[in-house]
Amino acid sequence: MTGTLTIAGLGPGSEALVTPEVSAALASATDILGYAPYVARVAPRPGLALHPSDNREELRRATEALRLAAEGRHVVVVSSGDPGVFAMASAVFEALEASPQWRDLSIRVLPGVTAMLAAAARIGAPLGHDFCTINLSDNLKPWPVIEKRLRLAAEADFAIAIYNPRSVSRPDGFARALEILQDAGRGERLAIFARAISTPDEKIETVSLRDARPEMADMRTLVIVGNSATRRVGRWVYAPRHAR
């Protein structure tokens, strides 16, 4: 098999946060596959085929990428942020597991700057101690699992980075997540709402968790809930290096 498959992260939005390694992969690609808004971030050029698709077509997209690479194409599957964080890398390997005929393909995963790291850098160091990451989308896991993880993360005193907090199709889940964290006695914790980080629409707001409202978040928002020691220093927010 002479083709290649690269799974690449485009970062949170700004071209300045796309790594040189990813830029080189895009420059040598013959085919780009991904969710339509992410494919639109790649400039068209002669010899490059763009294959945009819908957000819920991950496995079909991954299978198509494997097929094109097996035909000798140099394929890049793009995700926003990092491809291994709630993105396409897992989908590609899931498709590969189901298709043993393609297991000898040359496959690379190129990391990117994920939203929680970009948001944390903008506000200071809220992930400077132990933290966890929870995706509030219940498309691929049941809501009771999400609730359990939120409760246990609060009990363990992790800072929590919350992806996909609220969408048009899921208007109530984030409200329930806020209730769970507040009921766990975490109302005094700081909550950072970081929307569209590194783009012209960037907006960051920090409030106490008890003052957080569901409508403060949408699908372009990354929410970080601090641990019990997280504090402000002027306009900055950080987690001390020493646990209580």
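Residues numbered from 1 in each chain as written. Predicted model: local features only at pLDDT ≥ 70, side-chain atom pairs only at ≥ 80, totals over all residues. Heavy atoms only, no water.

Visitor: Even after reading the chapter, I still don't get unusual backbone geometry, so can you show me in this structure?
Guide: Note on backbone geometry: most residues besides glycine have negative phi, and most peptide bonds are trans. A positive phi is found at F86, a non-glycine position, where the angle reads about 50 degrees. The residue F86 is located in the loop between β4 (74-79) and α4 (88-97) in this model. Although it is not a glycine, D157 adopts a positive phi angle of roughly 65 degrees. Looking at where D157 falls in the secondary structure, it is placed in the loop between α6 (143-155) and β8 (159-163). (Helix = DSSP H or I, 4+ residues; strand = E, 2+ residues; numbered from the N terminus.)

Visitor: What should I look at first to understand the packing of aromatic side chains in this one?
Guide: Each aromatic ring pair is specified by the distance between its two centres and by the angle formed by the two planes. Taken as a whole, this structure holds 3 aromatic pairs when the rule is applied. Ring centres of Y35 and Y38 lie 5.2 Å apart, and the angle between their planes is 85 degrees; this geometry places the pair in the edge-to-face category. For Y35, a relative accessible area of 24% puts it in the partly exposed group. For Y38, a relative accessible area of 24% gives the class partly exposed. (Phe/Tyr/Trp six-rings, centres within 6.5 Å; stacked < 30°, edge-to-face > 60°. Buried < 20%, exposed > 50% of the residue type's maximum accessible area, 1.4 Å probe, protein only.)

Visitor: Would you mind showing me how to read helix α1 (residues 20-28) here?
Guide: Along an α-helix, a turn takes 3.6 residues, which lines up residues three or four apart on a common side. Every buried residue of α1 is accounted for by V22, A25 and L26. Down the axis of α1, the smallest arc covering the buried residues is 100 degrees, so these residues share one side. For α1, exposure combined with an orientation more than 90 degrees from the buried face picks out P20 and A27. Buried residues along α1 sit in contact with β1 (4-9), β2 (31-35), β4 and β5 (106-110). (Arc of directions from axis to C-beta. Contact = heavy atoms within 4.5 Å.)

Visitor: Honestly, the environment of V78 in this entry has me stumped. Any pointers?
Guide: Checked against the element boundaries, V78 lands in strand β4. Through-space distance from the C-alpha of V78 to that of M88 is 7.4 Å; in sequence the pair is 10 residues apart. When residues no more than four places from it in sequence are discounted, the contact partners of V78 are A8, L10, L26, I32, L33, G34, Y38, V39 and M88.

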